[in-house]
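Listed below, chain by chain, are the residues.
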Amino acid sequence: MAYQTVVLSNLEEYLANTDETEEDLREQIAFRNASLCAFPYSVMLEVAFSEMDYANRWA
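Now for a description of the structure that goes with this document. The shown structure was predicted, so the numbers you read here are calculated from the model rather than taken from an experiment.

The rules behind these values
- Residues numbered from 1 in each chain as written.
- Predicted model: local features only at pLDDT ≥ 70, side-chain atom pairs only at ≥ 80, totals over all residues.
- Heavy atoms only, no water.
- Helix = DSSP H or I, 4+ residues; strand = E, 2+ residues; numbered from the N terminus.
- Rg over C-alpha atoms; globule rule 2.2 N^0.38 Å.
- Contact = heavy atoms within 4.5 Å.
- Areas by Shrake-Rupley, 256 points an atom, 1.4 Å probe, with all protein chains shown as cover.
- Salt bridge = Lys/Arg side-chain N within 4 Å of Asp/Glu carboxyl O.
- Buried < 20%, exposed > 50% of the residue type's maximum accessible area, 1.4 Å probe, protein only.

Bringing the overall build of the protein chain into the picture now. Each helix and strand in the protein chain was counted, giving three helices and two strands. In sequence order, the secondary structure elements of the protein chain are arranged as β-α-α-β-α. For 59 residues, the compact-globule formula gives about 10 Å, and the C-alpha radius of gyration of the protein chain, at 13 Å, lies well above that figure. Along the longest, intermediate and shortest principal axes, the C-alpha atoms of the protein chain span 35 × 30 × 20 Å. Of all intrachain contacts in the protein chain linking residues separated by at least 6 positions in sequence, the fraction that spans at least 24 positions is 71%. About 5300 Å² of surface is accessible on the protein chain, with carbon and sulfur atoms providing 59% of the total.

With that settled, consider the pattern of salt bridges. As enumerated under the stated definition, the model contains one salt bridge in all. The residue Arg 57 makes a salt bridge to Asp 53 at a minimum N-O spacing of 3.6 Å. Linking Arg 57 with Asp 53, this pair stays in helix 3 (residues 49–58), spanning four residues, or about one helical turn. What makes Arg 57 exposed here is its relative accessible area of 61%.

Below you can see the structure in the form of structure tokens.
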């Protein structure tokens, strides 16, 4: 299995490259802001699905 290098990303890049509706984006941003209140440190990574699947199983 080939693995892609994990790339540090940010919210602006995610929002610029998504095809979701404005309403969905507002909901995601509201959820993210609520999460940041409880957990003030965040990291956004760009990964391949297989890497994310493995990380979810590991966590």
